[in-house]
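Chain and residue survey
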Amino acid sequence: MIQFIGRQPIENEVLRHLLEEIAFESEAYTCHIRAVQIEKGLEVHFNETEIVIGYDHPITYARALALVKERLSKKKGLTGIDRTPIKQVAKFESLGVMIDCSRNAVLKVETVKQFMRYLALMGYKTLQLYTEDTYELEGYPYFGYMRGSYKKEEIKEIVDYAKKLSMEVIPCIQTLAHLGATLRWRAFEEVMDCENTLLVGEEKTYELIEAMVKHAATHFESRRINIGMDEAHNLGLGKYLKQHGYRERIEIMVEHLTRVVEICRKYEMKPMMWSDMFFRLLSVSGDYDANCDLGAHEVLAKLPKDIQIIFWDYYNKQESHYNMILEQHKKLSNTTLFAGGAWRWRGIVPDNTFSLYVSEQALRACVKQGIQEIFVTAWGDNGGECATFAILPSLVFYAERCYEEVLREEVLASRFETFTGATWEDFLLLDSANHLPDNPSPGRCSVNPSKYLFFQDVLMGLFDKHVTYSETNAFYAELAQELERAVVRNPKWKYIFMPIYLNAKILSLKSEMGVRLQKAYQDKNREAMASYKGDMETLIQDLRTYHQAIRKQWKMENKMSGLEIQDQRMGGLLTRMEVARETLESYIKGEIDTIEELEYERLRFDCNLDEAAPLSIPGAWWHEIISPNRVGRT
């Protein structure tokens, strides 16, 4: 059995939880573990009768426990164990994660606690829960209305648990844009510039922001706060333009930032913010790139000196790009942070393979540029469909890139199994539903056929022009077989694997169905059309099974609010499949002479895409997928 000698740096209750997560095999042998504090990093020494863990922070102690488990599991105890000491020093002072809790999926408190345990074992020190409006704000009943917002008691529970782990929970909010879910309510008309951006210069805007900052200062122990301010593309172009006329938008940005920082100072909070708007407003192209001279604009000299700037990039494959942008950031701040991405925001399927590839380039540049704080973002755009724990490979990669001197594939695989109890190769297999032959691994970012082929209407066929006849079904059929085996191999994570397996199974029939139906219709081959009735019945049953699997996945991790969106999307898909079956039956029986939807010539969804890569369509969202007709605001 495991016996801990002396005082441990982590409370017994949480220590027990950590050991349970890594399934520490403590019954087959007796093992004494003693903890001692050291100046820097972690060290593990395997002596004759005990294991000594040296740590500089309780988080490195937690990581060391996982490394001990990894070493012991190979020999089932101290006898015959490899006694080579383990020594690791982090390349960065702080490693963190930001989880999106604003795109319908709001993590349950218990999920956050479990997530923090995994992070602690990997060596992460900070967590940001991205909450645009998903926290209750006193005096603003419509703020986060019916959105699963965190109550103050829930925030306290999360913060208290993090404290036991010596992990910092940093409030992460928005104080300029990305507030469409809030500004939809007429209660916020006076503070709205345009549909997702606050009205700069309006005093009621700053009353609202002060309430946000006060909430963070009151309910979080961290004195740091992420105030957002990214992607404010319409800043000063809505109501502000009517009230004040056109002004240099960089001046509006800095004025607003100055007011917000003053509020943060009032509550003794140290702000950080995303940096993209400085680049976008001064770049020749208007993009977040190095094609600008930040040092030439005098207004930037007015930037508050006590703000940290976050460079975020989840896309670029060249280390040189990151080096150039980081050099530009030195003109803005001496304390730049870097935020990479764990791709989970293009549907139910993650893209850890792409995340690992681009993150390697980014982290090389961060080491060269002396960046001391990095964190990984896990956005949930367009509905929060992907399971949060599906990004575990990306999180393990960042951790090992931080702590290991030389990173090898076999080390990643071994650590992944130690931290998660799952297989590295199987979790990377989850990406494959988006890696069709014309999008080979690591793949192009944002390409998501697993979503648009799944949700597209089988009669309208908006993506049918891109489907390679007779090959797409076969790809998904083979993938479904591989995923079915992976489900069995990873019982702990079955709830993540099942929906993606069922997605592939459904697409093994559905991805080509519209193409085949239209060809048979054009050939006036009613017999061929009749042959698809059975496939439609199978699809309807599989879609119902999928719906239950996605509901189970949601309930495992998230609060109930937001699940209704998944239900409505699935309800619409199922209804349209039933309508397609009924329409087909009517045509075969001769009750109707035409199927109007199949009369339309199919065009490419994006006429500018490379025809050699027909299914590499980037960034298709649900409302764009389901119909060519208007489904948003008219």
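The text that follows walks through the structure, step by step, so that each part is easy to find. What you are looking at is a predicted structure, and each value in this text was computed from that prediction instead of being measured.

Our next topic: the overall build of the protein. A tally of helices and strands in the protein yields 23 helices and 15 strands. Its C-alpha radius of gyration of 26 Å places the protein within 12% of the 26 Å reference for a compact globule of 634 residues. Dimensions along the principal axes, computed over C-alpha positions, put the protein at roughly 85 × 70 × 45 Å. By residue count, 60% of the 634 residues in the protein fall in the buried class. Contacts spanning at least 24 positions in sequence make up 77% of the contacts within the protein whose residues lie at least 6 apart. Charge separation in the protein, taken as the distance between the mean sites of 78 positive and 93 negative side-chain charges, equals 3 Å.

Next up on the list: the packing of aromatic side chains. One pair of aromatic rings is described through two measures. These are the centre distance and the angle between the planes. This structure, assessed with the given rule, holds 37 aromatic pairs. With a centroid separation of 5.9 Å and 40° between ring planes, the pair formed by tyrosine 314 and tyrosine 315 is classed as tilted. Where phenylalanine 389 meets tryptophan 493, the ring centres are 5.5 Å apart and the plane angle is 40°; that geometry is what we call tilted. Of the two residues, phenylalanine 389 sits in the loop between strand 15 (373–378) and helix 12 (392–403) while tryptophan 493 sits in the loop between helix 16 (472–489) and helix 17 (494–510), which places them 104 residues apart along the sequence. As far as burial versus exposure is concerned, phenylalanine 389 and tryptophan 493 are alike and both buried. One aromatic cluster is present, formed by Phe279, Tyr288, Phe311, Trp312, Tyr314, Tyr315, Tyr322, Phe338, Trp343, Trp345 and Phe354 through successive ring pairs. For the cation-ring pair, arginine 259 lies above tyrosine 206, with the distance from its terminal atom to the ring centre recorded as 4.1 Å. Over the face of the ring belonging to tyrosine 587 we find arginine 526, whose NZ or CZ atom lies 4.0 Å from the ring centre.

Our next topic: the sheet that holds strand 1 (residues 2–5). Spatial strand order, 1-2-4-3-5: five strands in an open sheet with mixed pairing. Only two strands of the sheet have a single partner each, and these edge strands are strand 1 and strand 5 (86–88). Neighbour to neighbour, the strand axes of the sheet diverge by 15° on average, direction disregarded. For strand 1 and strand 2 (residues 31–37), the ladder comprises four bridges, and the chain directions are parallel. By the bridge assignment for strand 2, glutamine 3 is matched with histidine 32.

This part covers helix 21 (residues 563–588). If you check helix 21, its first and last C-alpha atoms are 38 Å apart, about what 26 residues at 1.5 Å a residue would give, namely 38 Å. At the C-terminal side of helix 21, glycine 590 shows a positive phi close to 85°.

Reading guide: rules and limits
Residues numbered from 1 in each chain as written. Predicted model: local features only at pLDDT ≥ 70, side-chain atom pairs only at ≥ 80, totals over all residues. Heavy atoms only, no water. Helix = DSSP H or I, 4+ residues; strand = E, 2+ residues; numbered from the N terminus. Rg over C-alpha atoms; globule rule 2.2 N^0.38 Å. Buried < 20%, exposed > 50% of the residue type's maximum accessible area, 1.4 Å probe, protein only. Contact = heavy atoms within 4.5 Å. Lys, Arg positive; Asp, Glu negative; His and termini not counted. Charge placed at Lys NZ, Arg CZ, Asp CG, Glu CD. Phe/Tyr/Trp six-rings, centres within 6.5 Å; stacked < 30°, edge-to-face > 60°. Lys NZ or Arg CZ within 6 Å of the ring centre and 35° of its normal. Pairing = 2+ DSSP bridges. Axes fitted to C-alpha atoms, helices over the stretch in contact; angles between N-to-C directions. Expected span 1.5 Å × (residues − 1).

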